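# Survey of secondary and tertiary structure
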Amino acid sequence: MHYWVRASPSDFTGTVPQPRSGHTAVNIGKSKIVVFGGLVDKQFISDLCVYDFENKLWFQPDCSGNGSDGQVGPSSRAFHISVAIDCHMFVFGGRSGSKRLGDFWVLDTDIWQWSELTSFGDLPSPRDFAAASAIGNRKIVMYGGWDGKKWLSDVYVLDTISLEWMELSVSGSLPPPRCGHTATMVEKRMLVYGGRGGGGPIMGDLWALKGLLEEVEENETPGWTQLKLPGQAPSPRCGHTITSGGHYLLLFGGHGTGGWLSRYDIYYNECIILDRVSVQWKRFPTSNEPPPARAYHSMTSIGSRYLLFGGFDGKSTFGDLWWLVPEDDPIAKRLASSPATNIPEDEDLAMAKKTQLSHEASQKEESVVSELQKRLDISVSISVPDIQVIDELEDKEFLELALSLIGAGEKVSNNGEISNNQKAAQALRDHWGKSTPKLIPLKEIGPLLCDYQRLITRHHINGASDSQFTESNFPGKEAYQFYHVKSASQLRMDDIPKLLEEYKQLLSLSK
């Protein structure tokens with residue numbers, strides 16, 4: 001079990017970084033985190049902030065350097081890449097205003113000196129929202145991005161000794177071009193997840209690239225493979241982070257879209273891991289309230305701890321710092337002295353609260369944004385009355401559909417034919433329980449969603465025993481993904497299989 005704990009002033013000395021999003025934060029050895037650049041209040045920034053682990057100190061080093069235009073270090077930017085190799089941090093690209101950048105810099109953190117580098121070979125085009133990772137302690141691999149006109153799908157490998165770029169020729173099937181994704185080296189492969197793709201859709205696919213190592217015994221032809229792993233995969237997103245944590249990769253946050261007929265933005269605050277041992281997606285158990293949902297933040301690891309900083313939620317830029325720590329960490333002990341309201345009493349509700357997606361509707365009118373945030377940025381708990389759940393015998397649309405299914409007419413009886421209505425309701429549930437997503441007409445999605453929310457209220461919120469959920473495989477221990485959806489018009493077509501899956505699990509509790 002892990003705990004989220006907001007950092008307190010006593011955790012640090014020095015001056016913490018100002019709020020920002022679109023920055024980078026890299027680990028330099030086991031002693032420092034270096035934060036560079038970002039965006040706040042529509043202003044691109046170029047400051048460098050360093051966190052010294054041992055001394056718990058934030059500081060801004062007085063850097064030297066000389067760029068091609070006489071500047072000490074890189075110009076203000078955000079959505080660039082930064083990769084650490086030993087004591088050096090390499091920076092490429094990004095955006096400043098509407099301009100995509102293609103300059104290339106290195107920071108020597110032993111002497112705090114910037115150098116603008118003249119590189120050779122197949123030079124990558126200026127871009128932002130690319131992703132990159134170190135290959136061992138010499139090379140860097142970069143994939144994708146946005147050049148201002150098109151999404152990119154090219155792969156470049158940089159030798160940090162010779163400063164030569166090589167565009168990798170990859171045969172076979174290729175991932176769709178994208179930006180805002182993550183790229184993470186795991187042993188011999190680079191894993192790419194998510195991002196925004198050509199035409200604008202936000203993606204949730206996972207790809208592995210082989211052939212990046214040049215050792216004779218490896219000698220693999222570069223090639224992409226799409227991985228479709230079991231478990232509870234993340235929803236499509238961009239602007240998330242993936243941080244290595246021993247035998248797993250930890251995914252946090254990001255930005256997606258919701259809705260079907262009308263679209264709105266969603267920002268996430270759940271933790272999901274890719275378990276490298278069992279090779280599957282899993283929810284990462286945390287027991288208390290997570291930080292506010294966000295994207296374009298940074299997440300770094302310090303031993304067994306993770307440090308979250310900054311980000312953007314569609315309206316506000318964050319400057320908060322959060323620890324994610326195991327339960328035996330001294331930082332976690334602070335929660336024992338916190339008010340009881342910080343930790344939900346019911347374990348199932350705590351888990352649901354932790355992983356419930358934090359929604360935000362981006363609409364033109366402020367009142368609409370506020371209302372949707374209020375209703376969607378919450379998790380299932382006894383204190384949530386926003387969804388008006390009515391009994392099935394009073395749900396006319398549900399009953400009309402049920403009675404038509406058993407041939408009892410489409411007019412709902414008002415003269416006490418309770419038994420017939422109950423049989424019709426059960427018949428409709430049995431029908432949905434045996435259906436596949438493709439067999440459910442669009443007109444049935446609304447009643448199905450209402451009955452899904454009704455069953456959650458009945459079985460989980462209104463007094464179901466803990467043993468019911470312990471003995472079942474019901475996903476209430478993680479999240480009710482569609483409990484707060486106000487109408488079927490907010491669902492996407494690819495939400496329907498998941499909705500039906502959770503509905504069938506709910507039905508199993510009634511038997």
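What counts and how
Residues numbered from 1 in each chain as written. Predicted model: local features only at pLDDT ≥ 70, side-chain atom pairs only at ≥ 80, totals over all residues. Heavy atoms only, no water. Helix = DSSP H or I, 4+ residues; strand = E, 2+ residues; numbered from the N terminus. Expected span 1.5 Å × (residues − 1). Buried < 20%, exposed > 50% of the residue type's maximum accessible area, 1.4 Å probe, protein only. Arc of directions from axis to C-beta. 1 Å grid on protein atoms, 1.4 Å probe; cavity = no way out; pocket = protein on both sides within 12 Å on 5 of 7 lines; lining within 4 Å. Points joined across faces, edges and corners; volume = space filled by probe spheres on them. Nonpolar A, V, L, I, M, F, W, Y, C, P; charged D, E, K, R; others polar. Core = buried A, V, L, I, M, F, W, Y, C linked by side-chain atoms within 4.5 Å. Pairing = 2+ DSSP bridges. Axes fitted to C-alpha atoms, helices over the stretch in contact; angles between N-to-C directions. Phe/Tyr/Trp six-rings, centres within 6.5 Å; stacked < 30°, edge-to-face > 60°. Lys NZ or Arg CZ within 6 Å of the ring centre and 35° of its normal. Polar contact = N/O pair within 3.5 Å; in protein donor to acceptor, adjacent residues only side chain to side chain. Contact = heavy atoms within 4.5 Å.

### Let's talk about helix α7 (residues 496-510)
- Taking 1.5 Å of rise per residue, 15 residues should cover 21 Å, and α7 covers 21 Å from first to last C-alpha, within 8% of that figure.
- Ile-496, Leu-499, Leu-500, Glu-502, Tyr-503, Leu-506, Leu-507 and Leu-509 are the residues of α7 that are buried. For α7, the angular spread of buried residues about the axis comes to 165°, placing them on one side.

### Regarding the layout of surface pockets
- The computed volume of the largest pocket comes to approximately 1200 Å³.
- Around the largest pocket, the lining comprises 41 residues; the ones closest to its centre are Ala-25, Ser-82, Ala-132, Ala-183 and Ile-242.
- Taken together, the elements giving at least two residues each to the lining of the largest pocket come down to β3 (24-28), β8 (81-85), β15 (131-135), β20 (182-186), β24 (241-245) and β30 (298-302).
- Tallied by class, the residues present in the lining of the largest pocket amount to 19 nonpolar, 21 polar and one charged.

### So, the nonpolar core
- Ranked by size, the top nonpolar core spans 27 residues in total, and within it Trp-432 and Tyr-452 carry the most contacts.
- Contributing elements (two or more residues each) for this core: α3 (396-405), α4 (418-434), α5 (445-461) and α7.
- Formed by 20 residues, the second largest nonpolar core is a distinct cluster that contains Ala-7, Phe-309, Leu-321 and Leu-335.

### Focus: the sheet that holds strand β32 (residues 321-326)
- Strands sit in the order β1-β32-β31-β30 across an open sheet of four strands; the sheet is antiparallel. What marks the edges here is a single partner per strand, and that holds for β1 (2-6) and β30. The mean inter-strand angle of the sheet, taken between neighbouring strand axes irrespective of direction, is 20°.
- Where β30 meets strand β31 (residues 305-309), five bridges bridge the pair, whose relative direction is antiparallel. Within β31, the residue paired with Met-299 across the bridge is Leu-308.

### So, unusual backbone geometry
- Its identity is not glycine, yet Lys-42 carries a phi of approximately 65°, on the positive side.
- Within the element layout of this structure, Lys-42 appears in the loop between β4 (32-40) and β5 (43-52).
- Using a relative accessible area of 76% as the deciding quantity, one classes Lys-42 as exposed.
- Non-glycine residue Phe-129 carries a positive phi angle of around 60°.

### Some details on the packing of aromatic side chains
- The final tally for this structure, using the stated rule, is 25 aromatic pairs.
- Residues Trp-4 and Trp-322 carry aromatic rings whose centres are separated by 6.5 Å and whose planes lie at 85° to one another, so their mutual orientation is edge-to-face. In this pair, Trp-4 sits in strand β1 while Trp-322 sits in strand β32, placing the two residues 318 residues apart along the sequence. When sorted by exposure, Trp-4 lands in the same class as Trp-322, which is buried.
- Through a chain of ring-to-ring contacts, the aromatic side chains of Phe-12, Tyr-51, Phe-53, Trp-58 and Trp-323 assemble into a single cluster.
- Above the face of the Phe-318 ring, Arg-294 is positioned so that its terminal group lies 4.1 Å from the ring centre.

### With respect to the pairing of β15
- Counted residue by residue, β15 has four buried out of five residues, so it is predominantly covered.
- Here β15 runs beside strand β16 (residues 139-146); their pairing, made up of five bridges, is antiparallel. If you follow Ala-131 over to β16, its bridge partner there is Tyr-143.
- What sits between β15 and β16 in their antiparallel hairpin is a turn of three residues, with Gly-136 showing a positive phi close to 65°.

### Some remarks on the sheet that holds β3
- Here five strands make up an open sheet; going across it, the order is β2-β6-β5-β4-β3 and the pairing mixed. Of all the strands in the sheet, the pair left with one neighbour each is β2 (13-14) and β3.

### Some remarks on the side chain of Arg-178
- Structurally, the position occupied by Arg-178 is in strand β19 (residues 178-179).
- For Arg-178, a relative accessible area of 0% translates into the label buried.
- A polar atom in the side chain of Arg-178 sits 2.7 Å from the side chain of Asp-205.
- Filtering out sequence-adjacent residues up to four positions away, Arg-178 remains in contact with Tyr-143, Gly-144, Gly-145, Trp-151, Leu-152, Val-192, Gly-194, Arg-196, Gly-197, Met-203, Asp-205 and Trp-207.

### Observations regarding the pairing of strand β12 (residues 104-108)
- The element β12 is extensively covered by neighbouring structure, given that five of its five residues are classed as buried.
- Direction of pairing for β12 relative to strand β13 (residues 113-116): antiparallel, over a ladder of four bridges. Residue pairing for β13: Val-106 is matched across the bridge by Ser-115.
- Counted between consecutive antiparallel strands, the loop separating β12 from β13 contains four residues, among which Trp-112 sits at a positive phi close to 50°.

### Focus on the environment of Gly-211
- Tracing the backbone shows Gly-211 in the loop between β22 (202-210) and β23 (223-227).
- Judged by relative accessible area, Gly-211 falls into the buried class, the value being 12%.
- Taking the C-alpha atoms as reference, Gly-211 lies 6.7 Å from Gly-223; in sequence the two are twelve residues apart.
- When near neighbours in sequence (up to four residues on either side) are disregarded, Gly-211 contacts Glu-220, Thr-221 and Pro-222.

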